[in-house]
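Spelled out, the chains give:
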Amino acid sequence: MVSIITVNYHQNSMTIDLLRSIRAYAGPDVEVIVVDNGSTEDYGDLFRAEYSNLIYIRSEKNLGFAGGNNLGIKQAKGDYLLFLNNDTEITAGFIFSMRGEIERHADIGLLSPLILYFDDKRKIQYAGYTPINYFTGRNKGLGVMEDDQGQYDHTTNETGYCHGAAMMCRKTDLDRVGLMEEHFFLYYEELDWCEKFKRAGLKMAFTGKAKIYHKESMSVGKVSPLKTYFLMRNRWLFIRRNAPLLARFFFSCYYLLIPTPVAIIRYLAKGRIDLAKAALKGVMWNITHATKSNDLGIKLPTT
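The rules behind these values
Residues numbered from 1 in each chain as written. Predicted model: local features only at pLDDT ≥ 70, side-chain atom pairs only at ≥ 80, totals over all residues. Heavy atoms only, no water. Helix = DSSP H or I, 4+ residues; strand = E, 2+ residues; numbered from the N terminus. Rg over C-alpha atoms; globule rule 2.2 N^0.38 Å. Buried < 20%, exposed > 50% of the residue type's maximum accessible area, 1.4 Å probe, protein only. Contact = heavy atoms within 4.5 Å. Areas by Shrake-Rupley, 256 points an atom, 1.4 Å probe, with all protein chains shown as cover. Lys, Arg positive; Asp, Glu negative; His and termini not counted. Charge placed at Lys NZ, Arg CZ, Asp CG, Glu CD.

Chemist: Quick rundown of the overall build of the protein? Include the residues and the values.
Modeler: Scanning the protein from N- to C-terminus turns up 10 helices and 10 strands. Computed over the C-alpha atoms, the radius of gyration of the protein is 19 Å, within 12% of the 19 Å expected from 2.2 N^0.38 for a compact globule of 303 residues. Taken along its principal axes, the extent of the C-alpha atoms in the protein is 55 × 40 × 40 Å. Going through the 303 residues of the protein one by one, you find that 52% of them count as buried. Counting only contacts in the protein whose residues sit at least 6 apart along the sequence, the fraction spanning at least 24 positions is 74%. Total accessible area on the protein stands at roughly 14100 Å², and carbon and sulfur atoms take up 55% of it. Here the protein holds 38 positive side-chain charges and 33 negative ones, and the gap between their average locations is 7 Å.

Here it is as structure tokens:
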């Protein structure tokens, strides 16, 4: 059985669209879990009207992407766990293809499909990632904005990282690797989780044999102080948790001397004092929470 886990945060209509696509294409041998993050009301009946056997978990506190998924994991009974953003919609044969590929490759720890933009279903958002350069904290997406002409349809290969919008793993591997790290809250948590799977000797993989549509905008997303804060904070936190000592030292110097001032100056030039403050706050969090790492894990208090 496959347990499908999705997290809803004030996007009921998108979650309903996902549930409808699951009902249409997933088949009978699935368990569907919706974690309602920070909900002020119980929407269980609303979601069950679209998927009757739904497991609905309501969290009155917004636990973020990792915390919400971790709640779902604790309830999941499937042999395979499939994590889907609630702003995605699956396609015919999606579950069968994802499960088939992970069954055929015992060394795959996490598997992501070809991700296409919902608004232009020919445009590719994700066909894999390059590894992150620990000295700069950067990597590249593969296939981004290419037209889908079937060039990945028969491809399953190792990749740098899986994509948080759609990932599948075995329950047995997850039990060994552990849950997502909740202190990331937003951004980089799935990349950090990929690193945990890698340290357990498992590979990250991409397959073009399964496709999913993502409603994320193809244009640059709207900026906000919250988004800016977590992106600036978690880029450094990711490196602190996962990079070797020399790379951590180099990145810290580089990040403080180049990307941080450049970002702040750019925001100030645009009159976005709020974003400049958020960027500085995200960087300062890592300085004020300079706890030493323990076995590549950092135990830090929440923000």
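Chemist: Give a description of unusual backbone geometry that names residues and reports values.
Modeler: Despite not being glycine, F185 shows a phi value in the positive range, around 65 degrees. Tracing the chain through its elements places F185 in the loop between α5 (171-177) and α6 (189-199). With a phi angle near 75 degrees, Y188 is a residue other than glycine that sits in the positive phi range. With respect to the helices and strands, the residue Y188 is situated in the loop between α5 and α6. A residue is classified by how much of its surface remains accessible, and Y188, at 12% relative accessible area, is buried.

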